[in-house]
Amino acid sequence: MIAWWNDLSQREKLLIFIMSGLIAMLAVSLLIVRPVIGFRESANQNLLAAQNTAALVNQAVQAAQLKSTSIQSTDNLRGVITSSAQQSGLRWINIRQSQDNLMITISFSNVQTDKLYSWLIDLQEKRNIVVRDARISDTRSGGGIEATLTLVQGA
């Protein structure tokens, strides 16, 4: 090997040194620089994903806090429904709660359509109470509607 090296001209030795330097730079680039850059990009992507997850968790916490401040028991649900119906000028003919205490069914006879719908909108927007089931029909006299509504605490 030494005899081979000594037999090379100065120009050939210079070219071998340059080639060795280029191979060393390529090896450093492929074995050190590229993996470090890849890890950094991966870390940035993980950071963005974690920030998005944190934002979603914060939204869920806020929604849970709002939900926890909403009506918790059926007795309170019944009280809110009956008092808001009275305030809206609605008179019900029957009100009952389900056996699992999660729903209230209220029936109206000869009620004005606009009053009923505005009351339902108010319940949904202000109290998070929504209609799960509804049976609505015209009264025989034609002056209003008959309605049987099943109301639940919204999700």
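Above this note sits the structure.
All of these numbers come straight from a predicted model, not from anything done at the bench.

## Comments concerning the pattern of salt bridges
Moving on, step 1. In the structure shown here, the tally under the stated rule is 2 salt bridges.
Moving on, step 2. Residue lysine 126 is joined to aspartate 122 by a salt bridge in which the shortest nitrogen-to-oxygen separation is 3.1 Å. Of this pair, lysine 126 and aspartate 122 both sit in helix 4 (residues 113-127), 4 residues apart, roughly one helical turn.
Moving on, step 3. The exposed category is assigned to lysine 126, whose relative accessible area is 66%.

## Remarks on the nonpolar core
One broad trend across soluble globular proteins is that nonpolar side chains are buried collectively.
Moving on, step 1. Formed by 19 residues in total, the largest nonpolar core has its most connected members in Ile81, Ile106, Phe108, Leu116, Trp119, Leu149 and Leu151.
Moving on, step 2. Mapped by element, the contributors of at least two residues to this core are helix 3 (74-87), strand 2 (103-111), helix 4 and strand 4 (145-153).

## Concerning the pairing of strand 2
Moving on, step 1. Among the 9 residues that make up strand 2, 7 are buried, leaving the element largely enclosed by the rest of the structure.
Moving on, step 2. Bridge count between strand 1 (residues 92-97) and strand 2: 5 bridges; the pairing is antiparallel. Counterpart to tryptophan 92 in the pairing with strand 2 is phenylalanine 108.
Moving on, step 3. Bridge analysis of strand 2 against strand 4 gives 7 bridges, and the strand direction is antiparallel. Each residue of the ladder has a partner; that of serine 107, found in strand 4, is threonine 148.

Parameters and conventions
Residues numbered from 1 in each chain as written. Predicted model: local features only at pLDDT ≥ 70, side-chain atom pairs only at ≥ 80, totals over all residues. Heavy atoms only, no water. Salt bridge = Lys/Arg side-chain N within 4 Å of Asp/Glu carboxyl O. Helix = DSSP H or I, 4+ residues; strand = E, 2+ residues; numbered from the N terminus. Buried < 20%, exposed > 50% of the residue type's maximum accessible area, 1.4 Å probe, protein only. Core = buried A, V, L, I, M, F, W, Y, C linked by side-chain atoms within 4.5 Å. Pairing = 2+ DSSP bridges.

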